[in-house]
Amino acid sequence: MSAVERVFLEALEDLRAGREEPVERYLQRVPSSEREQLADLLASYFAAQQGPADARANAAVYERALAAIDRVTASAGPAGVLPGMLTELSRTRGVKRRELLEQLEEQLEVPPRARPLLRRLYHRLESGAVPGPGLSRRLLAALGQTLRLPPRELEAASEPLGPPHALQAAQAFGRGGQTRALPDATPSEGEESPTDPELLAVYDLFYGGRDA
Amino acid sequence: MRNPLHTLDAHYAALSNEQVEALWRHAIEHDRDAREPLLRQLVLRASLVIDDACRREGDELGFTTSDVARACDETAQRLMSRLRVDPSVHSIRALAHQLACEVVRDPDRRRSPTVPRLSRPRPRLRLIEGGEAR
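Thresholds applied
Residues numbered from 1 in each chain as written. Chains lettered and ligands numbered in written order. Predicted model: local features only at pLDDT ≥ 70, side-chain atom pairs only at ≥ 80, totals over all residues. Heavy atoms only, no water. Helix = DSSP H or I, 4+ residues; strand = E, 2+ residues; numbered from the N terminus. Buried < 20%, exposed > 50% of the residue type's maximum accessible area, 1.4 Å probe, protein only. pLDDT = per-residue confidence, 0-100. Core = buried A, V, L, I, M, F, W, Y, C linked by side-chain atoms within 4.5 Å. Contact = heavy atoms within 4.5 Å. Expected span 1.5 Å × (residues − 1). Buried area = accessible area lost by both parts, 1.4 Å probe. Salt bridge = Lys/Arg side-chain N within 4 Å of Asp/Glu carboxyl O.

Q: Please provide a residue-by-residue account of unusual backbone geometry, values included.
A: Trans is the prevailing form of peptide bonds, just as negative phi is the prevailing case for residues other than glycine. Residue and element names in this part refer to chain A. Phi is positive for Glu109, close to 50°, though the residue is something other than glycine. Secondary-structure assignment places Glu109 in the loop between α6 (97-107) and α7 (115-126). On the basis of relative accessibility, which here comes to 69%, the residue Glu109 falls in the exposed class. Located in the positive-phi region is Arg148, a residue other than glycine, with phi close to 60°. Tracing the backbone shows Arg148 in the loop between α8 (137-147) and α9 (151-157).

Here it is in structure tokens:
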């Protein structure tokens, strides 16, 4: 019996006994060259475990998934899909904006007099008015901690997006695509850079760039 | 179908899983405006796995319909977020299942307030001696 077969059978036993581990743990038990084969076997098993194909049930699931994705991606702009993601993740996790802001204030050690500015800038971020490249890694890490997402995923989500377009198969298998210059982190209208050091520290979290 | 994203959803729906995944891996490296519609397509294709896993896991923990729906939406988001940065994922369905389990079992997850269910009072029946069935 090969390593793939052995681990696959162990996974099935675990699943039947209700003690399954994360899929990646099973994948780690086989040589890297055989992980794809094991992943395909596990995926086929999970797919086969789905209930009978009920066209109406499937349509309802698809419609709901589409609506959830639309809420995040439909308003992509200068901060990518991050504004929609923040709103939607807060909703799905049941985290109120007030609670999220309190956690940010604590993690970022924002002094009381700078908290109104943090709240205002966060509101601007959620509204899509803060350019993504201006967001600091510190802010993204704090958001990631609150919403349980790796900072690099939040960073990628905050990349500015243009109009969506289709990719042709020839591009994937042949010619490289185009890369687009990032917009700079210049604040959009309505937010002046403060001179007070404590306020400036908060301002830089949103407009100072990744290393601020 | 005025939303351009929905037009692209329909465009990619005609492709095989292998084709969509190849385009997605390419887009991650080279073209992020093309990446987002491909991420949507991958998550839509995993929606049944997500729904199934959240429903099954959630049932065991006594989730309400609303809890399950929120867990499905969160899993879809997390899958999309992971696929935005990680082209090395071997099996998207397996990852979707794993993320759904993590989301449902998250000990910090907030649940809908439980509403006490009142059972109907049991009917009180008396046997009437000498009565006739009608």
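Q: Lay out the confidence of the model for chain B in plain terms, naming residues and giving numbers.
A: All names here are of chain B. Looking at chain B, the pLDDT average stands at 87 and 89% of residues meet or exceed 70. Of all helices and strands in chain B, the one with the weakest mean pLDDT is helix α1 (residues 4-13) (88), whereas helix α5 (residues 65-85) scores best (95). Scoring of the predicted complex yields 0.74 for pTM and 0.78 for ipTM.

Q: Before we move on, can you summarise the nonpolar core with the specific residues and values?
A: In a soluble, globular protein the nonpolar side chains are often hidden away together inside. In terms of nonpolar packing, the biggest core is built from 38 residues, with Trp24(B), Leu38(B), Ile50(B), Cys54(B), Leu79(B) and Leu83(B) touching the most fellow members. Among the secondary structure elements, those contributing two or more residues to this core are α4 (55-73) of chain A together with α1, α2 (17-30), α3 (32-45), α4 (47-60), α5 and α6 (92-105) of chain B. Other than its neighbours up to four places away in sequence, Trp24(B) contacts Leu38(B), Leu39(B), Leu42(B), Leu83(B), Asp86(B), Pro87(B), Val89(B) and Ile92(B). Membership of the second largest hydrophobic core comes to 34 residues, among which are Leu86(A), Val110(A), Ala142(A) and Leu161(A).

Q: So what's going on with α3(B)? Which residues, and what values?
A: Under the 1.5 Å per step criterion, the end-to-end length of α3(B) is 20 Å for 14 residues, consistent within 8% with the ideal 20 Å. In terms of burial, α3(B) is a largely internal element, 13 of the 14 residues being buried.

Q: Please give an account of the interface of chain A and chain B that cites residues and values.
A: Counting residues at the interface gives 64 residues for chain A, matched by 55 residues for chain B. Both faces considered, chain A and chain B share a buried interface measuring about 5400 Å² in area, 54% of it formed by carbon and sulfur atoms. Of all residues in chain A, the largest losses of buried area upon contact with chain B belong to Arg64(A), Arg93(A) and Leu167(A), amounting jointly to 12% of the total for that side. Taken together, chain A and chain B are joined by 12 salt bridges.

Q: Kindly report on the environment of Ile128(B), identifying the contributing residues and their values.
A: Relative to the elements of secondary structure, Ile128(B) occurs in the segment after α6. Sequence separation of Ile128(B) and Leu79(B) is 49 residues, and the distance between their C-alpha atoms is 65 Å.

Q: With reference to specific residues and values, describe the confidence of the model for chain A.
A: Chain-level statistics for chain A give a pLDDT mean of 82 and a share of 83% at 70 or above. Scored below 50 in pLDDT, residues 175-180 of chain A makes 13 contacts in the model with residues more than four places away or belonging to other chains.

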